[in-house]
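One-letter residues, chain by chain:
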Amino acid sequence: ATLAPCPYNTQPWKFSITSREIQIHPDLSRHLSVMDPEKRELYISLGCALENLTIAMENQGFNKTLIVDSLSGIKRGLVRVWCDAIEKSDELEGL
C-alpha cells in the first residue's frame, strides 16, 4: 500500500496502525502546492493507497471494514480501516 501510484511519485500519505485499525492520513509535507493547489491529486493518491491496502489485507485473509467518520473526515483525508486484531509484526511488511 505504501507504494501506491501517485502524481510525481510523492507518496503523500501516512499510515497509523493500532491493534484493530489502520488509519490513512495525508502527509501535507509532501503536497506539491504549485502543481496541485486544490489538493485534488493528493486525495486521489490517498484513494490509491487505500485500494492497495484493502487488496493486500484481503489477500492476507484479514476481515476489514472501511470507515470514513464524517464529511469532515473526508475533507481532512482521514480514512480508517477496521480489521481483525493485527500486530505490528512481519505480517504487515507485505502490506
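Check the entry above for the structure.
Residues numbered from 1 in each chain as written. Predicted model: local features only at pLDDT ≥ 70, side-chain atom pairs only at ≥ 80, totals over all residues. Heavy atoms only, no water.

Participant: Describe the nonpolar core, listing the residues and the values that go with them.
Facilitator: Of all hydrophobic cores here, the largest spans 14 residues; its most connected members are W13, I24, L46, L50, L53, M57 and V81. Taken together, the elements giving at least two residues each to this core come down to β2 (21–26), α1 (40–59) and β4 (79–83). Element by element, the count of residues in this core is highest for α1, at six residues. (Core = buried A, V, L, I, M, F, W, Y, C linked by side-chain atoms within 4.5 Å. Buried < 20%, exposed > 50% of the residue type's maximum accessible area, 1.4 Å probe, protein only. Helix = DSSP H or I, 4+ residues; strand = E, 2+ residues; numbered from the N terminus.)

Participant: Pulling in residues and values, what's your account of the environment of I22?
Facilitator: Here I22 shows up in strand β2. Taking the C-alpha atoms as reference points, I22 and V79, separated by 57 residues in sequence, lie 8.3 Å from one another.

Participant: Please set out the pattern of salt bridges residue by residue, giving values where relevant.
Facilitator: As enumerated under the stated definition, the model contains one salt bridge in all. When the shortest N-O distance is used, the salt bridge between R30 and D27 registers 3.5 Å. The class of R30 is partly exposed, set by a relative accessible area of 41%. (Salt bridge = Lys/Arg side-chain N within 4 Å of Asp/Glu carboxyl O.)

Participant: Go over α1, please, and point to the residues and values.
Facilitator: Compared with an ideal rise of 1.5 Å per residue, which puts 20 residues at 28 Å, α1 spans 29 Å between its outermost C-alpha atoms and is within 8% of the ideal. Listed as buried for α1 are L42, S45, L46, A49, L50, L53, T54, A56 and M57. Positive backbone phi, at 85°, marks G61, one or two positions downstream of α1. (Expected span 1.5 Å × (residues − 1).)

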